[in-house]
Amino acid sequence: MPAVGALLAMPDVQGLADHAPRSMVTDAVRAAVERARRDPAAVPSDNSGWFAMIRDELARREQASLRPVFNATGVVLHTNLGRAPLARVAVEAIARTAAGASNLEYDLARGERGSRYVHCASLLCELTGAEDALVVNNGAAALVLALNTLAEGRESIVSRGELIEIGGSFRVPDIMAKSGSILREVGTTNRTHADDYRRAIGERTGAIVKVHRSNFEVRGFVAEATLRDLSPIAREASLPLLMDLGSGLLVSLEAYGLRGEPTVRDAVHDGATLVVMSGDKLLGGPQAGILVGTREAIDRCRRNPLTRALRVDKLTLAALEATLSLYRDPERAVREIPVLALMTASRESIRARAEAAAGILRGAGIDCEVIASEAAVGGGAFPTARLASAAVAIIGKAVDVEQKLRLSPEPVIGRIADDRLLLDLRSIAADQDELFAAAVARALTG
Ligand SMILES: *Cc1c(COP(=O)(O)O)cnc(C)c1O
């Protein structure tokens, strides 16, 4: 086994220190020696073998923890893969805002201290019909803030059919408990009627809460009280009606065959006092929690000291404002907001993109074929919608192909079906196609 000092003295290894701190190069040399010691089969036979091993160790150490990947899973809004990719204007807005100072909390008209909460509020009102709006860190934070503001120490009436788990250890009953509101369950798993809510209203009631069943559907002998049913009941009892919508759908996608997901405007129109939604689900923007509702309810939330702890950052506001602006022209929104563009793209266009990618891969000597597949929206929205899609199926042992793609410098995440690794184009932005195909080719031929 060569000595660490001898390896460090090699000219090639010295060269590595031109681009990396010397201590990191030393650590990489030590790690290489250690690995060779543990695994005799890994001992390089010559100096160039040692150099390659040290270079790879160094590269591994230098790699960022948070890295871009290609989402070829066919799930458009993949929570584990960062949910919504941003529109170009949103990315540009982040870059502009990040690079310098901004009027984040400065009122330019008056030349004095302002509020960060003004920035997306009027746009949100314009797009949803609400009186006022407030943006915080994420959807769960918005729900905690809303419940804490409206019903701390008091009961929140919720249907048993809506005590849901969203995933990632987010359960509505737990969130409600942490908000300081007392859960008052009504109805049954499959059926809850307006009268169930009416009978539960009492001295201790703070709010009536509805939660959108984001990630599943119930069928069969079912009944639910809608916002429209509950709005007169809440009004009569002078109670706020809170709607956790989950996904913030701002334009109807029924023209594209996607039905069943309520729009924010519907929820406001149907009488919700406050509507809670995420910024990075169907809205297609950055991670954020958005509250829209009556002037009074939003004002109370804004003055809640919790708001400070849940506050939104300036880069999020920049990206959200740019994304929301696109919605002023709904056709432009569907074209330019990646989530909407991917969800509404025709099966034929996805197929053509898959054929083009397969052509590039075959050119690189990779055996593959294009097959029909089914993609999904994901992110707790349109849970039962199946989007007709197309995927490149890589010929070869699926687990090996999957691992090579996942561990490559530009990771590609696909899915395995029928013992084949599928790369679904429905969840890859069209302008990434060539980079995507090149990354797959490099990963499988390198
Ligand atoms: C996703 C979701 C949330 C949580 O939103 P995040 O932005 O992920 O924090 C809350 N409620 C419902 C109904 C959801 O679907």
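None of the values given here were measured: they were computed from a predicted structure.

About the cut-offs
Residues numbered from 1 in each chain as written. Predicted model: local features only at pLDDT ≥ 70, side-chain atom pairs only at ≥ 80, totals over all residues. Heavy atoms only, no water. Helix = DSSP H or I, 4+ residues; strand = E, 2+ residues; numbered from the N terminus. Buried < 20%, exposed > 50% of the residue type's maximum accessible area, 1.4 Å probe, protein only. Lys, Arg positive; Asp, Glu negative; His and termini not counted. Charge placed at Lys NZ, Arg CZ, Asp CG, Glu CD. Arc of directions from axis to C-beta. Contact = heavy atoms within 4.5 Å. Near = heavy atom within 4 Å. Polar contact = N/O pair within 3.5 Å; in protein donor to acceptor, adjacent residues only side chain to side chain. Areas by Shrake-Rupley, 256 points an atom, 1.4 Å probe, with all protein chains shown as cover. Patch = residues over 30% accessible without salt bridge, like charges linked within 9 Å, V, L, I, M, F, W, Y side chains within 5 Å. Salt bridge = Lys/Arg side-chain N within 4 Å of Asp/Glu carboxyl O. Core = buried A, V, L, I, M, F, W, Y, C linked by side-chain atoms within 4.5 Å. Domains from an automatic or database assignment. Pairing = 2+ DSSP bridges. Axes fitted to C-alpha atoms, helices over the stretch in contact; angles between N-to-C directions.

1. Overview of the overall build of the protein chain
Next up, step 1: Secondary structure assignment for the protein chain yields 19 helices and 18 strands.
Next up, step 2: Expressed as lengths along the three principal axes of its C-alpha atoms, the size of the protein chain is roughly 85 × 55 × 45 Å.
Next up, step 3: In the protein chain, buried positions account for 49% of the 446 residues.
Next up, step 4: Separation between the mean location of the 54 positive side-chain charges and that of the 56 negative ones in the protein chain comes to 2 Å.

2. Regarding helix 18 (residues 398-407)
Next up, step 1: Of the positions making up helix 18, those classed as buried are Ala398, Val401 and Leu405. Angular distribution of buried residues about the axis of helix 18 spans 70°; they occupy a single face of the element.
Next up, step 2: Structurally, helix 18 contributes buried residues whose contacts are with strand 15 (387-394), strand 16 (412-413), strand 17 (415-417), strand 18 (420-424) and helix 19 (433-445).

3. Description of the site of the ligand
Next up, step 1: Within the structure, the ligand sits among 13 residues, and Ala140, Ser214, Asp244, Ser278 and Lys281 are positioned closest to it.
Next up, step 2: In the model, an oxygen atom of the ligand is placed 3.4 Å from a nitrogen or oxygen of the Asn138 side chain.
Next up, step 3: Here an oxygen atom of the ligand sits 2.5 Å away from a polar atom, N or O, in the side chain of Ser278.
Next up, step 4: Protein chains bury 94% of the 380 Å² of accessible surface belonging to the ligand in isolation.
Next up, step 5: When contributions to the shell around the ligand are tallied by element, the ones reaching two or more residues are helix 7 (139-151) and strand 11 (241-246).

4. Some points on a nonpolar patch on the surface
Next up, step 1: A surface patch of nonpolar side chains, about 180 Å² in accessible area, is lined by Phe216, Val218 and Val222.
Next up, step 2: With respect to the secondary-structure elements, Val222 resides in the loop between strand 10 (205-211) and helix 10 (227-236).
Next up, step 3: Take Val222: its relative accessible area is 31%, and that puts it in the partly exposed class.

5. A short note on the nonpolar core
Next up, step 1: The biggest cluster of nonpolar side chains holds 91 residues, and the ones touching the most others in it are Leu291, Val292 and Phe382.
Next up, step 2: Examining the composition of this core, we find that nine residues originate from one element, helix 7, more than from any other.
Next up, step 3: Not counting residues within four places of it along the chain, the set of residues in contact with Val292 comprises Leu124, Thr128, Ala130, Asp132, Ala133, Val264, Val268, Thr273, Leu274, Val275, Met277 and Ile298.
Next up, step 4: In this structure, Ala358, Ile366, Ile428 and Ala437 belong to the second largest nonpolar core, which totals 27 residues.

6. A look at the pattern of salt bridges
Next up, step 1: The tally for this structure, following the rule as stated, stands at 37 salt bridges.
Next up, step 2: Between Arg184 and Glu155 there is a salt bridge, and its shortest N-O distance comes to 3.4 Å. Within this pair, whereas Arg184 is found in strand 9 (residues 182-186), its partner Glu155 is found in strand 6 (residues 155-159), the two being separated by 29 residues in sequence.
Next up, step 3: Arg184 gets classed as partly exposed once you look at its relative accessible area, which sits at 32%.
Next up, step 4: Through salt bridges with shared partners, a single network forms among Arg35, Glu57, Arg60 and Arg61.

7. Side note on the domain arrangement of the protein chain
Next up, step 1: By domain assignment, the protein chain separates into domain 1 (16-62), domain 2 (70-81 + 340-445) and domain 3 (88-336).
Next up, step 2: For domain 1 and domain 3, the distance between their C-alpha centroids amounts to 51 Å.

8. Focus on the sheet that holds strand 15
Next up, step 1: One open sheet accounts for five strands, arranged 2-14-15-18-17; its pairing is mixed. With one partner strand each, in any of the chains shown, strand 2 (75-77) and strand 17 form the two edges of the open sheet. The mean angle between the axes of side-by-side strands here comes to 45°, regardless of whether they run parallel or antiparallel.
Next up, step 2: Bridge count between strand 2 and strand 14 (residues 368-378): two bridges; the pairing is parallel. Following the sheet pairing, Val75 is matched in strand 14 by Ala376.
Next up, step 3: Sheet strands touched by helix 18: strand 15, strand 17 and strand 18. Its angle to strand 18, the strand with the most contacts, is close to 45°.

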